[in-house]
Structure formats: C-alpha cells, structure tokens
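Commentary on secondary and tertiary structure
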Amino acid sequence: MTTTADVDPGTNPTAAGSGQNATATFARKERAAGPVDHGRAALLIGDTLAAIHEVVRRHQVTYAEYDALKSWLITVGETGEWPLFLDVFVEHVVEQVANADRKGAVGTIEGPYYIPGAPESASEADVPRRADEQGTPLLFQGTVTDLDGAALDGALVELWHADDAGYYSQFAPGIPEWNLRAQIRTGTDGHFLFRTIAPAPYQVPTDGAVGAMISAAGWHPWRPAHLHLKVTAPGRAPVTSQLYFTGGEYVDDDVARAVKPELILHPTAGPDGVEVTYDFRLDPA
Ligand code: MBD
Ligand code: FE
C-alpha cells in the first residue's frame, strides 16, 4: 500500500503523489454549504444504490468480485485518487447537465488539476515556464465578449496545462510551482494573449488504482493534449473549458469523454512555433 509518507520526493511522478495533491487541493475548494435536502438525498442515494443492485443481479456478481470491488474502493481512497476517478469518469455528464442551456461558449470538465491564484498579467502573458521548457512554442490569443460580440472589460482568463511530458505543476514532483499556469485580466478591448508551449497528451497514472481499473477493463488511459481555461467576467456566467488540437492523438477517443467539436483548435504555423485564436462569448449571469 502507498501512503503520503511513501510519495517519491524526487522527480518520479506516482499515482499516489498526484492523487494526494489533488485530494488536498479539493479540500481547499470553497463549496456552498446549505442544509441537507433529505428528499433529494434519498432520491439520489436510493437511485444510485438501486443501479448498483441492478448490476449485481443482471451480471450475477460473485463474492470474489464483490471483495475485489471493496479492496479497490479502499485503495482509491488511500492513494487520494477519488478526484481523478470522478473527474475522468463522471464529471463530463455533470457538466453536460449543468450547462445544457448555454447560448455562448460551450465548456467542458474542469478536471482535478486547477489551482486558483496563478500569476496575473494585463492583456498579455508570458506563461511561466522553465528555461529549458520542452515543446512547440504556442501563441494563443482571443477576445472575451458578451453574446452580442461586445468586448468585455475586466474579464479574467485563467490558463493551465500539462508540459511536454504530460505533467502538471503542483501535481508532479520537480516542476516550479506556477509552471504553465497564468491568468490575464482583459482591458476594454477584451483581448488576451498567452505565450506558452503546446502540451502533450495526458496519461492517467498507470501505477495506481484508477490505472489498474482501466487496464483490467482493457481500455487505454489517455486524454488528448489540451489547454484548460476558466473565463469569468462581471455580470457574466463563468465558463470552464478545455481546448484540443485538430488531428491530435486521442482527440476522437478521450478516456474522460470531454472533447466537443466546438473545442477543437486549428493552429497555424507562425514565425516561432504555432499560433491560434479562440474567442469566448459569455452568457449573462
Ligand atoms: C486531466 O489533466 C484532466 O484534464 C482531467 C479532466 C482528468 C485527469 C487529468
Ligand atoms: Fe488536464
């Protein structure tokens, strides 16, 4: 069994390392705490249990399989991989339901690796990266507008993404704290411009319980290369999104089912690397 104390302090990323960090990050998140609605709780809990009972009956689940499930659930908790598991296998449906009525920019799942409070710039940002950062230089720009296309002043565009090896700062060892994380506050023209590098595809850690489940099922553990974004503006509904690269590996077969056609970028060659423009139209709050 792997515990926090076992997490490799060096440069070798582990499922438990990123899992414990993702669990600690989620614990810091502000969540609306209201009174428990017992009717709603009974409905959701009751229907979830009924769905599990139905699978047991339909597939004649054995005690060996039941014990394997128990053991797996215990390990996922111990290694902190619940945020990873839920965001990869459940969040895309929650996002679909939550944002079904949007008229502006479509979004997708947030995933487990968002951290608020990245270094802020006005209008243009050199995204923090190492002197020897690997990967194709990427110039990513756009405009934040309302549904009518009017530029939004004072919008916040947050960007975070994996490096050229598929790792996120603050969730894999040996990467500077804010590496490949930045946020831009737009001016009156609503424009933002990030200078960064193109990320690599992301692999769900294969050495942990979530990876073991994926390989037991014979699936692949990959997400296509993606940029994460969160765009907020006064009086507007915030959007959490991801952008993918046309023709990229796994764009048509994301393990997290988070790709939508509207989110696929078509970069062009620039003087230094690749360039792409993508605008965000925000719904009213
Ligand atoms: C990721 O990088 C991610 O974006 C999601 C949704 C899940 C796991 C890892
Ligand atoms: Fe991601």
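Anything mentioned here points back to the structure above.
As the structure is a prediction and not an experimental result, all values here were calculated from the model.

What counts, and at which threshold
- Residues numbered from 1 in each chain as written.
- Chains lettered and ligands numbered in written order.
- Predicted model: local features only at pLDDT ≥ 70, side-chain atom pairs only at ≥ 80, totals over all residues.
- Heavy atoms only, no water.
- Near = heavy atom within 4 Å.
- Polar contact = N/O pair within 3.5 Å; in protein donor to acceptor, adjacent residues only side chain to side chain.
- Helix = DSSP H or I, 4+ residues; strand = E, 2+ residues; numbered from the N terminus.
- Nonpolar A, V, L, I, M, F, W, Y, C, P; charged D, E, K, R; others polar.
- Donors = N, O, S within 2.8 Å, 3.2 Å for Na, K, Ca; no water.
- Buried < 20%, exposed > 50% of the residue type's maximum accessible area, 1.4 Å probe, protein only.
- Arc of directions from axis to C-beta.
- Contact = heavy atoms within 4.5 Å.
- Pairing = 2+ DSSP bridges.
- Core = buried A, V, L, I, M, F, W, Y, C linked by side-chain atoms within 4.5 Å.
- Salt bridge = Lys/Arg side-chain N within 4 Å of Asp/Glu carboxyl O.
- Patch = residues over 30% accessible without salt bridge, like charges linked within 9 Å, V, L, I, M, F, W, Y side chains within 5 Å.
- Areas by Shrake-Rupley, 256 points an atom, 1.4 Å probe, with all protein chains shown as cover.

Notes on the site of ligand 1
Taken together, L84, V88, I109, G111, P112, Y113, Y168, Y202, R223, H226, H228 and Q242 make up all the residues around ligand 1. R223 is positioned such that a nitrogen or oxygen atom in its side chain is 2.9 Å from an oxygen atom of ligand 1. Counting residues per element, the ones that place at least two in the shell around ligand 1 are α4 (82-89) and β9 (226-232). For the shell around ligand 1, the per-class residue count stands at 7 nonpolar, 4 polar and 1 charged.

Thoughts on the coordination of the iron ion (ligand 2)
Every protein donor of the iron ion (ligand 2) is accounted for by Y168 (OH), H226 (NE2) and H228 (NE2), and the metal-donor separations fall at 1.9 to 2.1 Å. Taken in sequence order, the residues that donate to the iron ion (ligand 2) follow the motif Y-x57-H-x1-H. In this pair, Y168 is assigned in the loop between β4 (156-161) and β5 (181-185) and H226 in strand β9, connecting sequence segments 58 residues apart. Accessibility classification places Y168 together with H226 in one group, the buried group.

Comments concerning helix α5 (residues 91-98)
Listed as buried for α5 are E91, H92 and E95. Down the axis, α5 shows its buried residues gathered within 100 degrees of arc, on one side only. Counted as exposed and oriented over 90 degrees from the buried face of α5: V94 and V97. Looking at the buried side of α5, the elements it contacts are α4.

Some remarks on the sheet that holds β9
Strand order in the open sheet formed by 6 strands is β1-β5-β4-β9-β10-β11, and the pairing between neighbours is mixed. Two strands close off the open sheet at either side, each with one partner strand: β1 (120-122) and β11 (264-265). Looking at chain direction, β1 and β5 are connected through 3 bridges and run parallel. If you follow S121 over to β5, its bridge partner there is I184.

Looking at unusual backbone geometry
Note: most peptide bonds trans; most residues except glycine with negative phi. If you check the backbone angles, Q60 has positive phi at about 50 degrees while not being a glycine. Residue class for Q60 comes out exposed when judged on its relative accessible area of 62%. Although it is not a glycine, R257 sits at a positive phi angle of roughly 55 degrees. Along the polypeptide, R257 turns up in the loop between β10 (239-245) and β11. Accessibility expressed as a relative area gives 52% for R257, which makes it exposed.

Describing the nonpolar core
In this structure, F140, F194, L227, L243 and F280 are the most contacted members of the largest nonpolar core, which totals 54 residues. Looking at this core, the element that brings in the most residues is β10, giving 4 residues. For L227, the residues in contact, after removing those within four places along its chain, are L138, F140, L159, W160, H161, P199, S241, Q242, L243, F245 and L265.

Focus: the pattern of salt bridges
The final tally for this structure, using the stated rule, is 11 salt bridges. We note a salt bridge from D126 to R129, for which the minimum N-O separation is 3.6 Å. Judged by its relative accessible area of 51%, D126 is exposed. With relative accessibility at 32%, the residue R129 sits in the partly exposed group. Between R223 and D254 there is a salt bridge, and its shortest N-O distance comes to 2.7 Å. Linking R223 in strand β8 (residues 222-223) with D254 in the loop between β10 and β11, this pair joins segments that are 31 residues apart in sequence. D254 matches R223 in its accessibility class, with the two residues each being buried. It is possible to trace a salt-bridge network through shared partners that takes in E124, D126, R129 and R195.

Describing a nonpolar patch on the surface
On the surface, a nonpolar cluster with roughly 890 Å² of combined accessible area is contributed by I45, L49, I52, V55, V56, V61, Y63, Y66, L69 and L73. Listing elements by their share of the nonpolar patch, those giving two or more residues are α2 (38-59) and α3 (63-78). The leading source of residues in the nonpolar patch is α2, at 5 residues. Inspection of the secondary structure assignment puts Y66 in helix α3.

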